[in-house]
Amino acid sequence: MASICTLQAEDYANAFDTTAGNTGNQHRTDSVDIEATSDAGGGFNVGWIANGEWLAHNNVTFPTSGAYTIAYRVAAPSAGGVISADLNGGTIPLGTTAVPATGGWQNWTTVQRTVNVNAGTYNLGTFISNGGFNLNWISIAGASCGNTPPPPPPPPPGWTLAWADEFNGSSLDGSKWNIEVNGNGGGNNELQYYTARPENIRVTGGELVIEARREAYMGKQYTSGRITTQNKASWQYGRMEARMKIPTGKGTWPAFWMLGNSISSVGWPASGEIDIMEHVNSEAVTHGTIHWQDHNNAYANYGGPSGNLDFSQYHVYAVEWDASVIRWYVDGNKFHEVNIAGGINGTSEFHAPYFLLFNLAVGGNWPGSPDGATVFPNRMQVDYVRVYRR
């Protein structure tokens, strides 16, 4: 299948009003306004695009020379407008596309045109004239975006796929996932309020996006998202992996992890916890850790760091877990291992079913609070999660 580069409104860096629902009512010509959209897939649209505004997206790759279809998802109550596109700062014009009246600011339609482009990687510019419409996304059939993950890897040798979510739909699959809604700080004095809003959790462009935002909400100054498979799917032993791109910055704490099903009856740490991937602040490494209640009924943990990673790229984070050992991997490279054979050192917790979790915490005991240099919104982007069994 040919690739499709999809540029969502929330991908544009020079957004001005990022409050939900565009409640800041800031309409200006030097930046664009982001508001929640009612279009399929949720997320945001660029709201009330005015004459003279522009958008930029870097590193769009056209793999071969030839024709490409560029499409715009638009809505306009009356006047509509005109979109002009070019590559590399105007050196390669791609022509104009008319935006029709659709009858409302959230009545969406798709307009498109065919352009001819030589093979290469370019910066795409989108310029507005005769503005008066909303823009949800731009797609280019046959092209790939700079943030597009590589093709999925094959199953690892000796493992059989038992469960997965590829996040290819338009919303989170409620038969697989629970969305937690609370502001209790995760037991770590975290600063976020977890919500079920599309501003914080959405499935779009073939990915799960968990987004942390700096905003006053329910007595907190940050919002984010946390999902689990608790009471819907759990496993004792297996290979659990996810490919994702994670944020960095002071006070950020993305995690892909597991908890024992018994947490609802025995509590933590007696339930056990397996952290497949945790990352804090702007460290160059991720961490793999287990937490448990040891043979002396005391809290215990054992973890180790990965090698240095480039967090502007996607990576595959995984554990392989059996009756004897748990091993941690990034991109197929093992970096940590723990012996759990026979429940040594009280590790009997790790011989029972566990469920999966993804979350993006803000602040807390480990990373500390964000500072003025921390960029918000920031996003944890999950391309897929898969569970394999032998």
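Residues numbered from 1 in each chain as written. Predicted model: local features only at pLDDT ≥ 70, side-chain atom pairs only at ≥ 80, totals over all residues. Heavy atoms only, no water.

As recorded in an unreviewed UniProt entry, the protein goes by Glycosyl hydrolase family protein and comes from Massilia atriviolacea.

Focus: the layout of surface pockets
Rolled over the atoms, a probe with the dimensions of a water molecule shows which regions are left empty. Looking at the second largest pocket, its volume works out to about 350 Å³. Residue lining of the second largest pocket: 18 residues in total, with G186, N188, E190, W257 and E273 positioned closest to the centre. Breaking the lining of the second largest pocket down by element, the ones donating at least two residues are strand 20 (252-260), strand 21 (273-278) and strand 27 (354-362). By residue number, the principal contributor to the lining of the second largest pocket is strand 20, which donates 4 residues. Taken together, the residues of the lining of the second largest pocket break down into 9 nonpolar, 5 polar and 4 charged. (1 Å grid on protein atoms, 1.4 Å probe; cavity = no way out; pocket = protein on both sides within 12 Å on 5 of 7 lines; lining within 4 Å. Points joined across faces, edges and corners; volume = space filled by probe spheres on them. Helix = DSSP H or I, 4+ residues; strand = E, 2+ residues; numbered from the N terminus. Nonpolar A, V, L, I, M, F, W, Y, C, P; charged D, E, K, R; others polar.)

Here we look at the pairing of strand 27
Buried residues dominate strand 27, accounting for 9 of its 9 residues. Residues Y354, L356, F358, L360 and V362 point to one face of strand 27 and F355, L357, N359 and A361 to the other, with burial holding for every one of them. Here strand 18 (residues 226-228) pairs with strand 27 via 3 bridges, running antiparallel. Pairing of T228 across the sheet is with L357, part of strand 27. The pairing of strand 20 with strand 27 spans 9 bridges and is antiparallel. (Buried < 20%, exposed > 50% of the residue type's maximum accessible area, 1.4 Å probe, protein only. Pairing = 2+ DSSP bridges.)

Some points on the sheet that holds strand 21
Strand order in the open sheet formed by 7 strands is 13-18-27-20-21-22-23, and the pairing between neighbours is antiparallel. With partners counted over all chains shown, the strands left at the sheet margins are strand 13 (178-179) and strand 23 (299-305), one partner each. Two strands pair when backbone bridges link them, and strand 20 and strand 21 are joined in this way by 5 bridges, in the antiparallel orientation. Pairing of W257 across the sheet is with D275, part of strand 21.

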